[in-house]
Amino acid sequence: MIFQFMRLHPKVTIKLLITDKHENIVEQHIDVAFRAGDSLADSNLIARSYEELHIGYYASPKYLEKYGTPEKPEDLNHHIMAGFRTPDGDVEHVIPIGSNDSFLQTPPRITVNNITIMHSIAHNGEAIAVLVDETVEQEVADGSLVRLFKNTPPHKAYIWVVYSSRHRLNAVTRTFLDFLFEKREEGVSLKD
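About the cut-offs
- Along each chain, numbering runs from 1 in the same order as the chain's sequence is written.
- The model is predicted, so local features are restricted to residues of pLDDT at least 70 and side-chain atom pairs to those at 80 or more, both for listing and for counting; the totals for chains, interfaces and linings are taken over all residues.
- The basis for every side-chain value is the complete set of heavy atoms in the structure, and neither hydrogens nor water enter the calculation.
- Between the rings of Phe, Tyr and Trp (Trp by its six-membered ring), a pair exists once the centres lie within 6.5 Å; its type follows the angle of the planes, with under 30 degrees stacked, over 60 edge-to-face, and the other angles tilted.
- In this description a helix means any DSSP run of H or I spanning at least four residues, a strand means any run of E spanning at least two, and both kinds are numbered starting from the N terminus.
- Only protein chains enter the accessibility calculation, which uses a 1.4 Å probe. A residue is then buried if its area is under 20% of the maximum for its type, exposed if over 50%, and partly exposed in between.
- Working definition of a nonpolar core: buried Ala, Val, Leu, Ile, Met, Phe, Trp, Tyr and Cys residues. They are joined through side-chain atoms within 4.5 Å.
- Whether two strands pair depends on DSSP finding at least two bridges between them.
- By the convention used here, residues are in contact when the closest approach between their heavy atoms is within 4.5 Å.
- By salt bridge we mean one thing: a side-chain nitrogen of Lys or Arg within 4 Å of a carboxyl oxygen of Asp or Glu.

A.B. asks: Mind laying out the packing of aromatic side chains, listing which residues take part and the relevant values?
C.D. replies: Across all of its chains, the model carries six aromatic pairs by this definition. Their ring planes at 75 degrees and their centres at 5.0 Å tell us that Phe 5 and Phe 176 sit as a pair that is edge-to-face. Of this pair, Phe 5 sits in helix H1 (residues 2–8) while Phe 176 sits in helix H5 (residues 171–185), and the two are 171 residues apart along the sequence. As far as the burial class goes, Phe 5 and Phe 176 line up, both buried. Relative to Tyr 67, the ring of Tyr 63 lies with its centre 4.6 Å away and its plane at 35 degrees, an arrangement referred to as tilted. You can see Tyr 63 and its partner Tyr 67 sitting in helix H2 (residues 61–67), four residues apart, about one turn around the helix.

A.B. asks: Explain the nonpolar core to me, and be specific about the residues and the numbers.
C.D. replies: Ranked by internal contacts, the top residues of the largest apolar core, which has 27 residues, are Tyr 57, Ile 128, Leu 131 and Leu 148. Going through the elements one at a time, strand E2 (46–59), H2, helix H3 (115–123), strand E7 (129–132) and strand E9 (155–163) are the ones with two or more residues in this core. Looking at this core element by element, the count peaks at five residues for E2.

A.B. asks: Before we move on, could you go through the pairing of E2 and cite the residues and values that matter?
C.D. replies: Side chains on a regular strand alternate between the two faces of the sheet. Strand direction decides the pairing type here: E2 and E9, joined by nine bridges, are antiparallel. Within E9, the position partnered with His 54 by the bridge is Lys 156. Strand direction decides the pairing type here: E2 and E7, joined by four bridges, are antiparallel. Across the sheet, the residue bridging to Gly 56 is Leu 131, located in E7. One ladder, built from three bridges, connects E2 with strand E8 (residues 146–148); its direction is antiparallel. Looking at E8, one finds that Ala 59 is bridged to Val 146.

A.B. asks: Can you tell me about the side chain of Ser 60, naming the residues and giving the values?
C.D. replies: By the secondary structure assignment, Ser 60 is in the loop between E2 and H2. Excluding residues that lie within four positions of it along the chain, Ser 60 makes contacts with Ala 122, His 123, Asn 124, Gly 125, Ser 144 and Leu 145.

A.B. asks: Outline the pattern of salt bridges, supporting the account with residue identities and numerical values.
C.D. replies: Taken as a whole, this structure holds four salt bridges when the rule is applied. In this structure, Asp 75 and Lys 72 form a salt bridge, with 3.1 Å as the shortest nitrogen-oxygen distance. Notably, a salt bridge pairs Glu 186 with Lys 183, separated by 3.2 Å at the nearest N-O pair. Residue classification places Lys 183 among the buried residues on the basis of a relative accessible area of 13%.

Purely geometric stuff here, so don't read any function into it on its own.
Structure, rendered in structure tokens:
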């Protein structure tokens, strides 16, 4: 989608920074940030929900063959779980189960701070990981990952578009934000 915007506006230059840190976008001179989570902490920034994500529990057939398939979420207490370290240094000791008010307390055996590594750990059969359903569709289709608890509705998280107050934005940033939200109305995902 970013390249489509650049084709429409050939004089625009984009600097794309990827980080797990929650940078202070005003101090770092960042015009627009995308952040993931259930909600965002209070701040003086504007945060608009862009996309809903669905979170599921995934393991490789190799892992399931070696350790068995958990039948219900509580069975995860007897499995190797990969945990996520948040940008502020907290380790997630709870994992979402289905609806957004239900969680399971389970200590991870391995903790990482990068979703790509989390994905690799699950894919390589080392642990069960909590992953975004929309990012593993192909692997589920080809059988290299298995979604667990298919009868449990997915946990929901959101991608937020974060920026400083609209009246302080330059014209290019306002145009980019308008473009983003027009695309959202057309049903275009950020991964497109």
